[in-house]
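Residue-level structure breakdown
Listed below are the residues making up each chain.
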Amino acid sequence: MRNIDRLPFIFAGILFLLAWLLGFPMRAQSAPLADVHCTLIVDALSGKTLHQDGTCGQRFSPASTFKVPLALIGYDAGILADENTPTWDYKPEFKAVKRDQKTVDPTIWERDSIIWYSREITRRLGGEKFAGYISKFNYGNSDVSGNAGKDDGLTHSWVNSSLEITPIEQVAFLRRLLAGTMPVSAKAHEMTRAILPSFKAGDWAVQGKTGSTRLGEAGKDKRSLGWFVGWARKDGRQIVFARLVVDTKRSDLPKGLATRATFLKDLPRLIK
């Protein structure tokens, strides 16, 4: 009788296993992840939304836009001194692409988006202080743990890893930077604003930072990401903006640079 009593459970287990096996390939062939586009522009002083379209509340890797908060950290911690100090020479162990194998200072770091320079800042800072700053900044999800099982948060968390932020959060952070209300020194605010790259968009004087990365691991997510975030001034007005593009389209430019180019073209018609 005891063997007979077990039969329903055995049959249930077999049915569950068959359902799982049959369902597995269907899940593996699920629909591709959707494209995401956002443009958000707010008044720097009041925070009033001047233009918003697309999906602006979804978090993604900040990629190289993280060089903005990292500059605040570097100057506040005394690792960075001014626009041109420190100057660090490239070393083979950095394993950078050829264009980044050069001597770099803070201005070149932001302008050319040199990732090995970022990692030298965080290494000098140390994990505890690094995590402390990001928590105080309330930056995105504040997760600098890095990739699971790799213990690489100190050097990799902001590029397609654990740290993520929405366009809305990017804009809120930049407003605090412009207002000088981040929990860092006045010098850190001033120097960070000074080294952010400058551009023109019609009559607008723009400062901003791009970011580019491929999403997902081992090709699971076919999309790439492009950011352009910053602020702009014209006739006494000041605005803060974030543009995010996440899709599968390919171009001759890294997606961040392409995103910057289209935003600079669009800005004069978006905000009169």
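Look up a bit, the structure's there.
Quick summary incoming for the structure in this document. Since we're looking at a predicted model, the values are computed, not measured. (Residues numbered from 1 in each chain as written. Predicted model: local features only at pLDDT ≥ 70, side-chain atom pairs only at ≥ 80, totals over all residues. Heavy atoms only, no water.)

Quick look at the overall build of the protein
Note the cut-off: Helix and strand assignments come from DSSP, with helices taken as H or I runs of at least 4 residues and strands as E runs of at least 2, each series counted from the N terminus. Calculation of accessible area relied on Shrake-Rupley with a 1.4 Å probe; when residues are assessed, cover is drawn exclusively from the protein chains displayed.
Helix and strand counts for the protein come out as nine helices and six strands. In the form shown here, the protein has an accessible surface area of approximately 14300 Å², with 55% of it arising from carbon and sulfur atoms.

Here we look at the packing of helix α2 (residues 67-76) against helix α4 (residues 115-125)
To keep things clear, this is the line we draw: To get an axis, a line is fitted to the C-alpha atoms, and for a helix only the part in contact is used. The angle between two axes follows their N-to-C directions and goes from 0 to 180 degrees. Here the word oblique covers every angle except those under 35 degrees (roughly parallel), over 145 (roughly antiparallel) and from 65 to 115 (roughly perpendicular). Put simply, a crossing is left-handed when the front helix is turned counterclockwise from the back one by less than a right angle, and right-handed when it is turned clockwise. Contacts are assigned to residue pairs that have any heavy atoms within 4.5 Å of one another. Following the grouping adopted for this structure description, the nonpolar residues are Ala, Val, Leu, Ile, Met, Phe, Trp, Tyr, Cys and Pro, the charged ones are Asp, Glu, Lys and Arg, and the polar ones are all others, Gly among them.
Across the interface, α2 lies against α4 with an axial gap of 11 Å and an inter-helix angle of 40°. Judged by the angle between their axes, α2 and α4 are oblique. Classified by chirality, the crossing of α4 by α2 is left-handed. Note on element contacts: α4 touches α2 through Ile115, Ser118, Ile121, Thr122 and Leu125, opposite Lys67, Leu70, Ile73 and Gly74. Of the residues that constitute the contact of α2 with α4, the class distribution is five nonpolar, three polar and one charged.

Points about the side chain of Thr210
The criterion, for reference: We call a residue buried when its accessible area falls under 20% of the maximum for its residue type, exposed when it is over 50%, and partly exposed in between, using a 1.4 Å probe and counting protein chains only.
For Thr210, the position within the fold is in strand β4 (residues 204-214). Residue Thr210 is classed as buried on the basis of its relative accessible area of 10%. Beyond its immediate stretch of four places on either side in the chain, Thr210 contacts Ser64, Thr65, Trp227, Phe228, Gly256, Leu257 and Arg260.

Digging into the pairing of strand β5 (residues 224-234)
Here is the rule we go by: One requirement defines pairing of two strands: DSSP has to find at least two bridges between them.
Of all 11 residues making up β5, 10 are buried, and the element is well covered by its neighbours. Pairing geometry for β4 and β5, over 10 bridges, is antiparallel. Looking at the pairing, Gln207 lines up with Trp231 of β5. Pairing of β5 with strand β6 (residues 237-247) involves 11 bridges; the strand directions are antiparallel. Note that in β6 the partner of Gly226 across the bridge is Val245.

A closer look at the packing of α2 against helix α8 (residues 186-195)
At a minimum axis distance of 8 Å, the contact between α2 and α8 shows a crossing angle of 135°. Judged by the inter-axis angle, α2 sits oblique to α8. Of the two elements, α2 crosses α8, and the hand of that crossing is right-handed. Residues Val68, Ala71, Leu72, Tyr75 and Asp76 of α2 form the contact with α8, whose participating residues are Ala188, His189, Met191, Thr192 and Ile195. Each residue belonging to the contact of α2 with α8 can be placed in one class, and the counts come to seven nonpolar, two polar and one charged.

As for the packing of aromatic side chains
Our working rule: Planes of paired rings set the category: under 30 degrees apart is stacked, over 60 is edge-to-face and the rest tilted, where pairs are Phe, Tyr or Trp rings (Trp by its six-membered ring) whose centres lie within 6.5 Å. Counting as a charge over the ring demands two things of the Lys NZ or Arg CZ atom: a distance within 6 Å of the ring centre and an angle within 35 degrees of the ring normal.
With the rule as written, the count across this model stands at 17 aromatic pairs. Centre to centre, the rings of Phe137 and Phe173 are 6.4 Å apart; their planes meet at 40°, and the pair counts as tilted. Here Phe137, found in helix α5 (residues 127-137), pairs with Phe173, found in helix α7 (residues 167-179); they are 36 residues apart in sequence, far enough to count as distant. Sitting over the face of the ring of Tyr133, Lys136 holds its NZ or CZ atom 4.7 Å from the ring centroid.

Quick word on the sheet that holds β4
Read from one edge of the open sheet, six strands run β2-β1-β6-β5-β4-β3, paired in antiparallel fashion. The two strands at the open ends of the sheet, each matched to only one other strand, are β2 (49-54) and β3 (198-201). Sheet twist, expressed as the mean angle between neighbouring strand axes with direction ignored, is 20°. Where β3 and β4 come together, four bridges link them in antiparallel fashion. Paired with Lys200 across the strands is Ala205, a residue of β4.

Some details on the environment of Leu40
Relative to the assigned elements, Leu40 resides in strand β1 (residues 36-43). Ignoring anything within four residues of it in the chain, the contact list for Leu40 reads Thr49, His51, Gln52, Cys56, Pro167, Ile168, Val171, Val240, Phe241 and Ala242.

Some thoughts on α5
Worth spelling out the cut-off: Arc, as used here, means the arc of the directions from the helix axis to the C-beta atoms.
Buried residues of α5: Phe130, Tyr133, Ile134 and Phe137, and no others. Take α5 and look down its axis: the buried residues cluster within an arc of 95°, on one side only. Of the surrounding elements, those touching the buried residues of α5 are α2, α4, α6 (153-156) and α7. Positive phi appears at Asn138, one or two residues downstream of α5, with a value of about 55°.

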